[in-house]
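Breakdown of the fold
Each chain is listed here by its residues.
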Amino acid sequence: MEVQAYAKLNLTLDVLGKREDGYHDLCMVMQSITLHDTLTLEQTPGAGLRVGTNLRFLPTGEKNLAAAAALRFWEALGREPEDLDIRIAKRIPVCAGMAGGSSDAAAVLRALNDQAGNPFTIQELAQVGAKVGSDVPYCVLGGTALAEGRGEVLTPLPPLPKCWVVACKPDFPISTPELFAQVDSVKLRRRPDTAGVLAALKAGDLEGVARRMYNVFEDVMSPRQYARVAEIKQTLIQKGALGANMSGSGPTAFGLFDSRERAEEARAALALTYRDTFLCQSV
Ligand code: C5P
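Please read all numbers here as calculations on a predicted model, not as lab measurements. (Residues numbered from 1 in each chain as written. Predicted model: local features only at pLDDT ≥ 70, side-chain atom pairs only at ≥ 80, totals over all residues. Heavy atoms only, no water.)

**Thoughts on the pattern of salt bridges**
Tallying each qualifying case throughout the model produces 16 salt bridges. Of the charged contacts in the structure, one is a salt bridge between Arg262 and Asp258, with a shortest N-O distance of 3.6 Å. Among the charged side chains, a salt-bridge network with shared partners connects Arg19, Asp21 and Asp25. (Salt bridge = Lys/Arg side-chain N within 4 Å of Asp/Glu carboxyl O.)

**Let's talk about the site of the ligand**
Taken together, Gly22, Tyr23, His24, Leu26, Gly133, Ser134, Arg150, Thr176, Pro177 and Phe180 are the residues near the ligand. Within the side chain of His24, an N or O atom sits 2.7 Å from an oxygen atom of the ligand. Between the ligand and Arg150, the relevant distance is 3.0 Å, taken from a nitrogen atom to a main-chain nitrogen or oxygen of the residue. The dominant element in the shell around the ligand, judged by the number of residues it contributes, is helix α5 (residues 176-183), at three residues. Residue composition of the shell around the ligand, grouped by class: four nonpolar, five polar and one charged. (Near = heavy atom within 4 Å. Polar contact = N/O pair within 3.5 Å; in protein donor to acceptor, adjacent residues only side chain to side chain. Helix = DSSP H or I, 4+ residues; strand = E, 2+ residues; numbered from the N terminus. Nonpolar A, V, L, I, M, F, W, Y, C, P; charged D, E, K, R; others polar.)

**Things to note about the sheet that holds strand β10 (residues 253-257)**
As summarised here, the arrangement of the four strands in space is β9-β10-β7-β11, forming an open sheet in which the pairing is antiparallel. This sheet does not close on itself; its edge strands, each paired only once, are β9 (243-246) and β11 (276-281). The mean inter-strand angle of the sheet, taken between neighbouring strand axes irrespective of direction, is 20 degrees. By the bridge criterion, five bridges tie strand β7 (residues 164-169) to β10 in an arrangement that is antiparallel. By the bridge assignment for β10, Trp164 is matched with Phe257. The strands that helix α8 (residues 223-238) touches are β7, β9 and β10; relative to β10, the one it contacts most, it runs at about 15 degrees. Docked against the sheet, helix α9 (residues 260-271) engages β7, β10 and β11, running at close to 170 degrees with respect to β11. (Pairing = 2+ DSSP bridges. Axes fitted to C-alpha atoms, helices over the stretch in contact; angles between N-to-C directions. Contact = heavy atoms within 4.5 Å.)

**Quick notes on the pairing of β7**
Residues in a regular strand project their side chains so that they alternate between the two faces of the sheet. Along β7, six of the six residues are buried, which leaves the element largely enclosed by surrounding structure. Of the two faces of β7, the one carrying Trp164, Val166 and Cys168 and the one carrying Val165, Ala167 and Lys169 are both buried. Inspection of the sheet shows β7 paired to β11 by six bridges, in the antiparallel sense. Along β11, the bridge assignment pairs Trp164 with Gln281. (Buried < 20%, exposed > 50% of the residue type's maximum accessible area, 1.4 Å probe, protein only.)

**Digging into helix α6 (residues 194-202)**
Those residues of α6 that sit buried are Thr194, Gly196, Val197, Ala200 and Leu201. When α6 is viewed along its axis, its buried side chains cluster within an angular range of 160 degrees and face the same direction. Turned more than 90 degrees from where α6 packs its buried face, Ala195 and Lys202 sit exposed. Packed against the buried residues of α6 are β1 (2-18), β2 (24-43), β5 (144-149) and α7 (206-212). Immediately beyond the C-terminal end of α6, within one or two residues, lies Gly204, with a positive phi of roughly 65 degrees. (Arc of directions from axis to C-beta.)

**Considering the nonpolar core**
With 65 residues, the main nonpolar core has Leu39, Ile86 and Leu236 as its most contacted residues. Residues in contact with Ile86, not counting those within four places in the same chain, are Leu39, Thr40, Leu41, Leu49, Arg50, Val51, Gly52, Ala66, Ala67 and Val108. Core analysis: the second largest hydrophobic core is formed by 27 residues, Ala7, Cys27, Leu35 and Phe254 among them. (Core = buried A, V, L, I, M, F, W, Y, C linked by side-chain atoms within 4.5 Å.)

In structure tokens form, the structure reads like this:
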């Protein structure tokens, strides 16, 4: 069985406050893009649960979110773990803010649910995913959606008008838990206009969405790291993006374009410096 796992971008990301369980309440407008990993699931009697990828440094056992998702799925069904070989062709960069691992987990949940004759609704499956990671519920749903709470309270939104997307990841790692820890100690100077983005989506106004995109983590990361993200955003805008933003806990920045030509120019310009540069479309 072969399935695609699409990357996600944050059109907005707002942190509302810290919760008693240590997580943060969030408010995020999420969007899937055509950049994807491809997963192949195969039953392998007697071989246990295994994950293999084309990236040697990724975990192959239960620490891999794809394996964790399979275990949570069988647990929710009240079944014993099965023998399953999960092969992942990774294209979504790792630790990029594009939910690559969460998307792989969501793809496993959808595939196993399909194979079992859909015992869970998509909403139920998303709640199984919440036990694997905060971004997994959204990845189960996909498309354009509002994610609130820890990330598991989902509201489908009118789709982002079809557009070209250039996503570019600078070559430095960001620790999501560290960024979340820092957000508690800084006063956020700017917040995204989430209501404005929702209204623009309702009106089918791509430019209105693009102009209002914002991610509060841009204000929380170190000035040195932010300078590199800002440089990418500036190139995207100079090349004709309608708006540019950082995704998730970064460091990927992306721009939305209404012209394929301009998007291709932006991709070519950024690819001179950044290996992880992608031209794709909204899903
Ligand atoms: O749920 P997940 O394992 O993906 O979260 C990774 C880390 O990000 C958590 O350990 C926590 O530090 C932080 N986080 C948070 N609030 C959220 C989601 C994630 O503080 N809503």
